[in-house]
Amino acid sequence: MILSELTQEMNLVDYSRPSAKHRKIATSFRDTSLKDILMLACSLLKELLAKPLNLQDQQQQSLAMHLLKLVLNCLNFDFIGNSADESADDLCTVQIPANWRTIFLEPETLDLFFDLYHSLPPMLSQLALSCLVQFASTRRSLFSNPERAKYLGNLIKGVKRILENPQGLSDPSNYHEFCRFLARLKTNYQLGELVMVKEYPEVIRLIANFTITSLQHWEFAPNSVHYLLTLWQRMVASVPFVKSTEPHLLDTYAPEITKAYITSRLESVPVVVRDGLEDPLDDTATVFQQLEQLCTVSRCEYEKTCTLLVQLFDQNARNYQKLLHSSSRNPLELTVQEGRLAWLVYFVGTVVGGRLTYTSTDEHDAMDGELSCRVFQLISLLDAQLPRSSNEKVELAILWFLDQFRKTYVGDQLQRTSKVYARMSEVLGITDDSHVLETFVAKIVTNLKYWGRCEPVISRTLQFLNDLSVGYILLKKLVKIDAVKFMLQTHTSKHFPFLGVNDNYSLSDLRCRTTFYTALTRLLMVDLGEDEDEFENFMLPLTVSFETLTQIFNNSFKQEEAKRMLIGLARDLRGIAFALNTKTSYTMLFDWIYPSYLTVLQRAIELWYREPACTTPILKLMAELMQNRSQRLNFDVSSPNGILLFREASKMICTYGNQILSLGTLSKDQVYPLKLKGISICYSALKSALCGNYVSFGVFKLYGDNHFDNVLQAFVKMLLSVSHSDLLQYRKLSQSYYPLLECLTQDHMSFITSLEPNVLIYILTSVSEGLTALDTIVSSSCCASLDYIVTYLFKHIAKEGKKPLRCKEISQEGQRLLHFMQQNPEVLPQMMSILMNTIIFEDCRNQWSVSRPLLGLILLNEKYFSELRASLITSQPDSKQEVLNQCFRNLMEGVEQNLLVKNRDRFTQNMSVFRRDMADALRNEGAAEPSSLDMMS
């Protein structure tokens, strides 16, 4: 239908016009037409329902479908210009306008859609349910308290009716929409309001039975379970805050939901293994999401949950032990039992992770200890079987449990008297968190030793180690553990096979080495101080590898072996460099790596520039070395290290830039991995060097050193090889290029002014396009770059002719820029148009940044600014023109001519008022639709 398409089109953002203009059109449509369209659609649906429905009549079905879609489009309308993120479905509230109240207060409105659901076939009834989802999401403030209670009561009656006649829910689409409907009820209404509804006791029983049935049929519409768990999670989380005396009954039904989820997942394992179905455990993202929801539900009547898990864990652990000791192992039965144990370990981790300080008791902590004992015993049992027998899913579940236990019971704020250790002390001899840390580290070492070829286990293990290494108090405890001392002394492939470089490992698997060395270096730093010998001992395995690599390079060598070794070393060193945040420790690393080993890295860039798997880790290492984090690169005044480091970075960037440009034209699918990704890393490294404040760049020219000039020329060459569209299309590239340009315009305008006109045009065009970017990092950097350029030009014009003998060279540089602007008079006015458009018509998210260059542009182009102002004002009715004129006068109030720096803050304040007043003036009834302020066309 035309009305349905019109409503949908009005709701879509039109990027061809300013967002403020689109919003005004959509608001006008909402205020003048949308309510009438909704009422018309509801009226026609009532007429359709009043007649005998012939489900075989295609014309009647088509009419019903279009009318329901029209209602849904009306309810989905973006009423306030703040479209909800579709991924956050459970957080959506429909901002129904106040003048629609009468429609929503009529009980017949809700009854109509419940009747349509029961009367129509599944293809159409799902649309009726989708409409009800939106009705359930209506903003609370639309109603008074009594009205809201009545409206909620009607919704609950409809839910009861559906659950008492559940035939339609056998359709997956209906089932999914109904689950969404239930979740929205709790999102929009408080538990205290729900329990006051007369039908609540019966409805909560029906919902509980429906949920249990849904969980038991785990293979049916698995994506809908999220909404049911959301409902119960929010219900249980609200219990402590309910003030009503009416019973909520969650202490009765929440344990049943928990039991149904646990038992259904255990029962799914033999079916999955026997029939070769897709294992739910393989979808870890969904598993983690559901477990995080379950953890809240499971802590309600926790004694019941704990008793159930203890019983199931003991039973399955006994069965597993019998199978292990059986002379004739059945592999199928073993797989089933391991699958069940994996689920049980996940469940234990979930309930332990669900502990809340303000609701937990000593009894609950003791129960956590009872459950945790069983998992720690299982860890010992499984590790004893290595390497003969192993199961990846169980290992991943164990790592989940260990991480949940760490978050809950191990940390700087831990209550040392926690009852969780009472039972663990009796069974395992674990008396406090220090003993737990020893168990953690022993498990980490075991995994690194035996699971080297399993990337998921290694990756998760190293992430766990990394999380443990954050926090000074934990670090102090960790470094006292023998297993940690062992790792610090013997981090070689002999003990940890994942550090090896053989062909069995893919190059992507080597990424986890960075995480390993970051954590290891944090541990080293605890007691390192200024002990260079200890640092050298720690670096010994890497020293041996580099020396081996140097010999390989000097002889005829096997490229693949050398490449793998180099990639691993680059990732190792990046992890080490990331963790060294003090000047002393960083200096040790620099003295170790310079000059010999940096030469090896330079050689690798020359050889393998075509292979991003090799160049990317090396370039990222260099970018990390250039980061002056925590002022670690502020070397002693007598040290040349800052300059030496920059020279090495310059060589590498120039080498890579020259080599990568020799590749010629690349296909669209190759241009980013083979070229643009490396360029973006080079730009990040250069930006870090320019902004790091540890190199005096004037020294290079003074002593005839061309490394600084070379790297700037490499920057230009690489930039000209990239299209403007690619600069903004690839986020990492734009977020490295524009901040780099900001640094160059801030401190190196002499370089900018020396560029050829075609290069300047390219840079200014990129700035012009970046001003309207949605990414605020990009748009803010563009504003800053433009501000520095405009300020430089403004100061030059102000100084011209005043002091001819002083700043002669600066005058020549400024004159070049002034001459360029005179040759290209449209450049700055065009940018002024863009910024004025942003201020007046767009949702300006970085107003302060936009105001800084705008003042300079206005002062440099007063005539053009007057034309822009006149263009906008004359496009409005006579009654509005004086108001707009006053807005522009207020914008420049108190701003003195020829005083740019002094007036900036005053102009920024004026602009805030200007935006508000202009928005009010253009929004008022009778104002004409202004076109964008672009006079350049």
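Treat the numbers as computed from the prediction; the structure is a model and nothing was measured.

A. How the structure looks around the packing of helix α23 (residues 512–525) against helix α24 (residues 532–554). Two elements in contact, α23 and α24, have axes whose closest approach is 11 Å; the angle formed by their N-to-C orientations is 160°. Comparing their axes, α24 and α23 come out roughly antiparallel. The interaxial crossing formed by α23 with α24 has right-handed handedness. Facing Tyr517, Leu520, Thr521 and Leu524 of α23, the residues of α24 in contact are Glu534, Phe535, Phe538 and Leu542. Looking at the contact of α23 with α24 residue by residue, the classes come out as 6 nonpolar, 1 polar and 1 charged.

B. Spatial organisation of the domain arrangement of the protein. By the assigned domains, the protein splits into domain 1 (1–14 + 21–79), domain 2 (262–431), domain 3 (528–721) and domain 4 (723–801 + 810–922). Put simply, the middle of domain 3 and the middle of domain 4, counted by C-alpha atoms, are 36 Å apart. Taken as a group, Tyr672, Phe715 and Leu719 account for 27% of the area that domain 3 buries against domain 4, more than any other trio of residues on that side. The tally of links between domain 3 and domain 4 comes to 0 salt bridges. For the pair domain 3 and domain 4, the number of links is 2 residue pairs in polar contact (both at pLDDT 80 or more). Listed by contribution, the elements that provide at least two residues to the side of domain 3 that touches domain 4 are α30 (668–691) and α32 (707–720). For the side of domain 3 that touches domain 4, the element with the highest residue contribution is α30, accounting for 12 residues. Its residues assigned to classes, the side of domain 3 that touches domain 4 comprises 15 nonpolar, 4 polar and 2 charged.

C. Just the side chain of serine 372, in detail. Inspection of the secondary structure assignment puts serine 372 in helix α16 (residues 362–385). Under the relative-accessibility criterion, serine 372 is labelled buried at 0%. Residue contacts for serine 372: discarding those within four places in its chain leaves Val348, Val352, Phe401, Phe405 and Met424.

D. Summary view of the environment of glutamine 815. Following the sequence through the fold, glutamine 815 ends up in helix α38 (residues 808–823). Look at glutamine 815 and you get partly exposed, because its relative accessible area is 35%. Along the primary structure glutamine 815 and isoleucine 858 are separated by 43 residues, whereas in three dimensions their C-alpha atoms are 20 Å apart. Excluding residues that lie within four positions of it along the chain, glutamine 815 makes contacts with His796 and Glu800.

E. Expanded view of a negative patch on the surface. On the surface, a cluster of negative charge is contributed by Glu530, Asp531, Glu532, Asp533, Glu536 and Asp591. Of all the elements, α24 adds the most residues to the negative patch, at 3 residues. By the secondary structure assignment, aspartate 531 is in the loop between α23 and α24. A residue is classified by how much of its surface remains accessible, and aspartate 531, at 34% relative accessible area, is partly exposed.

F. Structural context of the state of the cysteines. In the structure shown here, the tally under the stated rule is 1 disulfide. Here cysteine 42 is not disulfide-linked; the sulfur of cysteine 74 is the nearest cysteine sulfur, at 8.1 Å. Overall, the relative accessible area of 8% leaves cysteine 42 in the buried class. Here cysteine 373 stays unpaired: no disulfide links it, and the sulfur of cysteine 306, its closest cysteine neighbor, is 11 Å away. By relative accessible area, which is 2% here, cysteine 373 ends up buried.

What counts, and where the lines are drawn
Residues numbered from 1 in each chain as written. Predicted model: local features only at pLDDT ≥ 70, side-chain atom pairs only at ≥ 80, totals over all residues. Heavy atoms only, no water. Axes fitted to C-alpha atoms, helices over the stretch in contact; angles between N-to-C directions. Helix = DSSP H or I, 4+ residues; strand = E, 2+ residues; numbered from the N terminus. Parallel < 35°, antiparallel > 145°, perpendicular 65-115°, else oblique. Left-handed = near helix turned anticlockwise from the far one by under 90°. Contact = heavy atoms within 4.5 Å. Nonpolar A, V, L, I, M, F, W, Y, C, P; charged D, E, K, R; others polar. Domains from an automatic or database assignment. Buried area = accessible area lost by both parts, 1.4 Å probe. Salt bridge = Lys/Arg side-chain N within 4 Å of Asp/Glu carboxyl O. Polar contact = N/O pair within 3.5 Å; in protein donor to acceptor, adjacent residues only side chain to side chain. Buried < 20%, exposed > 50% of the residue type's maximum accessible area, 1.4 Å probe, protein only. Patch = residues over 30% accessible without salt bridge, like charges linked within 9 Å, V, L, I, M, F, W, Y side chains within 5 Å. Areas by Shrake-Rupley, 256 points an atom, 1.4 Å probe, with all protein chains shown as cover. Lys, Arg positive; Asp, Glu negative; His and termini not counted. Charge placed at Lys NZ, Arg CZ, Asp CG, Glu CD. Disulfide = S-S within 2.5 Å.

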